[in-house]
Amino acid sequence: MKKIEHDLLLTLAETVQKMHIALLQSQAQLEALRTVVIGVHTALYDDPAWCARITSALTGAIESDFCQALGSTYADDILRQRQEWLANLMPADIWSQVRPRQMD
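Because the structure is a prediction, the values reported are computed rather than measured.

Caption draft 1: Structural detail: the overall build of the protein chain. Looking only at helices and strands, the protein chain has 4 helices and 0 strands in total. Along the chain direction, N to C, the helices and strands of the protein chain fall in the order α-α-α-α. Judged by the C-alpha coordinates and their principal axes, the protein chain covers about 70 × 30 × 15 Å. Counting only residues that meet the buried cut, the protein chain has 20% of its 104 residues in that class.

Caption draft 2: Structural detail: helix α3 (residues 76-88). Over its 13 residues, α3 extends 18 Å from the first C-alpha to the last, a length consistent with the 18 Å expected when each residue adds 1.5 Å. Elements in contact with the buried residues of α3: α2 (48-70) and α4 (92-98).

Caption draft 3: Structural detail: the nonpolar core. Counting 11 residues, the largest nonpolar core is built from Tyr45, Ile54, Leu58, Ile62, Leu86, Ala87, Leu89, Met90, Ile94, Trp95 and Val98. Breaking this core down by element, the ones donating at least two residues are α2, α3 and α4. Those residues in contact with leucine 89, other than ones at most four positions away along the chain, are Arg34, Val37, Ile38 and His41.

How each quantity is defined
Residues numbered from 1 in each chain as written. Predicted model: local features only at pLDDT ≥ 70, side-chain atom pairs only at ≥ 80, totals over all residues. Heavy atoms only, no water. Helix = DSSP H or I, 4+ residues; strand = E, 2+ residues; numbered from the N terminus. Buried < 20%, exposed > 50% of the residue type's maximum accessible area, 1.4 Å probe, protein only. Expected span 1.5 Å × (residues − 1). Contact = heavy atoms within 4.5 Å. Core = buried A, V, L, I, M, F, W, Y, C linked by side-chain atoms within 4.5 Å.

What follows is the structure, given as structure tokens:
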């Protein structure tokens, strides 16, 4: 193998390793965010007044986000993954009430 090819492969391997570390860090941060968001939703959702406000606000925000995503240039699989992650940010019973109507 030529020196140039070897150096290019080494650079590629180092770049992939750095990207892997960055991805793992992002995943850990997102999981931490998810835990906090679910905790806050659960705590506030126990109060009937907050429950109605949360449901109303989230329904509008999520449907608006869904409409905006429809006009995006993201591939369908990316949009589907995004929607799944959004669903995972809140308890399932809350998601079932606020998810976009198009997903029913």
